[in-house]
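Examining the three-dimensional arrangement
Each chain, letter by letter, is given below.
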Amino acid sequence: MTVQDDVARRHRAPVALRPLNRGFTAVLVGASLLPALVPLTLLDEAGGPVPGLANIAGLVGGVLIWWQAVLGIRQVSALFTPDRGGAVALHAWLGSAGAFFVLLHPLMEMIADRHGLAYLVRIDFTWVESTYTSLGRIAFLMFCALWLVSTLARAAVRYRTWHYVHYLSYPLGALVFVHAYGQGTFILDLWWLRAYWLALGATFAAACGWRLAAPLLAPRYELTGAAREGASATVYAIRPRGRALRPGPGQFCHLRTRLLSRAHPLSVVRTDPDSGELLFAVRDAGPFTAEFRRLAPGATLYVDGPHGTFTHEALRGARPVVLVAGGIGVTPFVELVRSRPEGGAVLFHAVRSPATALFGAELRELLGPDYVPVPGGVPFDARAALDRLGRGTARRALFFVCGGPGFTADAVAALRAEGVEDRRLHVERFEW
Ligand SMILES: Cc1cc2nc3c(=O)[nH]c(=O)nc-3n(C[C@H](O)[C@H](O)[C@H](O)COP(=O)(O)OP(=O)(O)OC[C@H]3O[C@@H](n4cnc5c(N)ncnc54)[C@H](O)[C@@H]3O)c2cc1C
């Protein structure tokens, strides 16, 4: 069977990889905020502009937290869009906007009630109203921890710390909804706002429940093969035990080795349409990749996905495609290159040793001189790359950059400096 026949067979079903429609999502977010803004006409009922606006800031913060959670939980966002990168970006942006309102709310309450800063942290469960206020204060403190770890302190903490602190979002959201339901002036006064708030709280709880149940429902796969590639990577083959996922080129799945362990994203290097077998290439990193290496053939893996729309534009084939991979960052491009037998793609692969580059031999065979190994471990030389392409092609081409956070940041900065506009730059960082 020729490469073309094989690709045609494996891609007979078109893959829907449409990126998140940001404009439409922004309209939905705006519409969901309208009920929280209606009380702007009723400020006097809350005792004047400052307490009234404080209430509204709390409501707006609550709605944004709802969106943030819904977009942040991949099992939920995947129900609407495969664009995980877009959902995470919006989730982070809404986190900052929500932070503003969530922080504004207690500050305005403090000013309205003429209290000092101690008001923000006083915990008192002795009577009903102070209990509801204290729930809000606990949520506020959790929010501060989450916000700090995601912004100012992000560079100082390890990925895992950042990740575990994120779990605070779930109790935090629950506390915010209960706090406002028990104490929010407008929620207590307006039956329709109370109903809206209940609906938000119920859907928030359902999203969290779905997040917890998702591993139980994730398709089970069996490890069927593992082959060491070079000094620091392993290629794994896994087969479905029941329901099979059908990732398209450039998509990734989340894998966990045990039901209660953390899931990790890995790009799919190949999907077999008949057996449903998936192939992954995994670089040695930390505890998860070490545990993966220790698994014996026949071990069960829990897989969810497919996620991602990174190479969506490249699949449409309308323009020249330039792929820039840092080491293991080549994985989302392998199936893409196989699916473009007509060519039209140039791949710059930053590697320490061209002779042992992961998938180097296959990619060289498929792309010929358009597979270009470049030195790894040093900044990507965008000027040399664009000169090699020819400036005419470089002006029309779409660029896809993938790899670790350092490599992608450097390569994107270098391409921008050479005049590649953001609209032609698509990036997948191997870290959220
Ligand atoms: C969309 C995407 C696709 C990826 N595809 C591949 C691939 O094809 N091959 C490959 O070798 N690696 C891939 N990665 C990276 C891979 O997920 C991490 O190397 C792996 O999770 C490391 O886990 P660990 O416990 O072994 O190491 P750790 O020491 O825990 O992590 C090492 C680094 O990996 C990243 N990381 C860890 N856990 C996660 C997580 N749950 N989500 C996102 N990033 C995490 C962090 O940057 C962390 O600093 C991909 C990452 C993303 C985001």
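As a starting point, this report considers the structure included with it. Just so it is clear, the structure is predicted and the values come from calculations on it, not from any experiment.

Lining the immediate surroundings of the ligand are 24 residues, of which Arg160, His264, Pro265, Arg283 and Glu431 lie closest. At a separation of 2.8 Å, an oxygen atom of the ligand approaches a polar backbone atom of Pro265. Backbone polar atom of Pro287 to an oxygen atom of the ligand: 3.4 Å apart, as the coordinates give it. Look at the ligand: alone it shows 850 Å² of surface, and the protein chains cover 88% of it. Those elements that place two or more of their residues in the shell around the ligand are helix 7 (159–166), strand 4 (264–267), strand 6 (278–283), helix 11 (287–294) and strand 12 (425–429). Counting residues per element, the shell around the ligand draws most heavily on strand 4, at 4 residues.

Before going further, it helps to spend a moment on the pairing of strand 6. Along strand 6, 5 of the 6 residues are buried, which leaves the element largely enclosed by surrounding structure. Bridge count for strand 2 (residues 233–240) against strand 6 is 6 bridges, and the pairing is antiparallel. When the bridges of strand 6 are listed, Ala237 appears paired with Leu279. With 2 bridges connecting them, strand 5 (residues 270–271) and strand 6 associate as antiparallel partners. Residue pairing in the sheet places Arg270 in a bridge with Leu279 of strand 6. Between the antiparallel neighbours strand 5 and strand 6 lie 6 residues, among them Gly276 with a positive phi of about 80 degrees.

Take the sheet that holds strand 3 (residues 252–256) next. Strand order in the open sheet formed by 7 strands is 4-3-7-1-2-6-5, and the pairing between neighbours is antiparallel. A strand with exactly one partner marks an edge of an open sheet, and here the two such strands are strand 4 and strand 5. Two elements, strand 1 (residues 220–229) and strand 2, share 8 bridges in a ladder whose sense is antiparallel. Bridge pairing in strand 2 links Glu222 to Arg239.

With that settled, the discussion passes to the packing of aromatic side chains. As enumerated under the stated definition, the model contains 12 aromatic pairs in all. Both rings, one in Tyr164 and one in Tyr167, keep their centres 5.9 Å apart while their planes meet at 45 degrees; by these two values the pair is tilted. Looking at Tyr164, the relative accessible area reads 42%, which means it is partly exposed. Measuring from ring centre to ring centre gives 5.2 Å for Phe177 and Trp197, while their planes differ by 55 degrees; the resulting arrangement is tilted. Taken together, the positions of Phe177 in helix 8 (residues 169–183) and Trp197 in helix 10 (residues 191–217) put the pair 20 residues apart, joining distant regions of the chain. Put simply, the rings of Phe177, Trp197 and Phe204 pair up and form one aromatic cluster. The lysine or arginine in question, Arg137, covers the ring of Tyr119, its NZ or CZ lying 4.5 Å from the ring centre.

The contact between helix 5 (residues 84–112) and helix 6 (residues 128–150) brings their axes to 11 Å, and the two run at 145 degrees. Crossing of helix 5 over helix 6 shows left-handed handedness. Two secondary-structure elements touch here, helix 5 through Gly95, Gly98, Ala99, Val102, Leu103 and Pro106 and helix 6 through Phe140, Phe143, Cys144 and Trp147. Of the residues contributing to the contact of helix 5 with helix 6, the split by class is 8 nonpolar, 2 polar and no charged.

Now for the nonpolar core. Residues Leu64, Trp66, Trp67, Leu94 and Trp197 are the most contacted members of the largest nonpolar core, which totals 33 residues. Elements that contribute at least two residues to this core include exactly helix 2 (22–37), helix 3 (49–72), helix 5, helix 8, helix 9 (185–189) and helix 10. Among all residues touching Trp67, those that are not within four sequence positions of it are Leu28, Val29, Ser32 and Leu94. With 29 residues, the next largest nonpolar core counts Val321, Leu347, Ala357 and Leu358 among its residues.

Reading the values: rules and limits
Residues numbered from 1 in each chain as written. Predicted model: local features only at pLDDT ≥ 70, side-chain atom pairs only at ≥ 80, totals over all residues. Heavy atoms only, no water. Near = heavy atom within 4 Å. Polar contact = N/O pair within 3.5 Å; in protein donor to acceptor, adjacent residues only side chain to side chain. Areas by Shrake-Rupley, 256 points an atom, 1.4 Å probe, with all protein chains shown as cover. Helix = DSSP H or I, 4+ residues; strand = E, 2+ residues; numbered from the N terminus. Buried < 20%, exposed > 50% of the residue type's maximum accessible area, 1.4 Å probe, protein only. Pairing = 2+ DSSP bridges. Phe/Tyr/Trp six-rings, centres within 6.5 Å; stacked < 30°, edge-to-face > 60°. Lys NZ or Arg CZ within 6 Å of the ring centre and 35° of its normal. Axes fitted to C-alpha atoms, helices over the stretch in contact; angles between N-to-C directions. Left-handed = near helix turned anticlockwise from the far one by under 90°. Contact = heavy atoms within 4.5 Å. Nonpolar A, V, L, I, M, F, W, Y, C, P; charged D, E, K, R; others polar. Core = buried A, V, L, I, M, F, W, Y, C linked by side-chain atoms within 4.5 Å.

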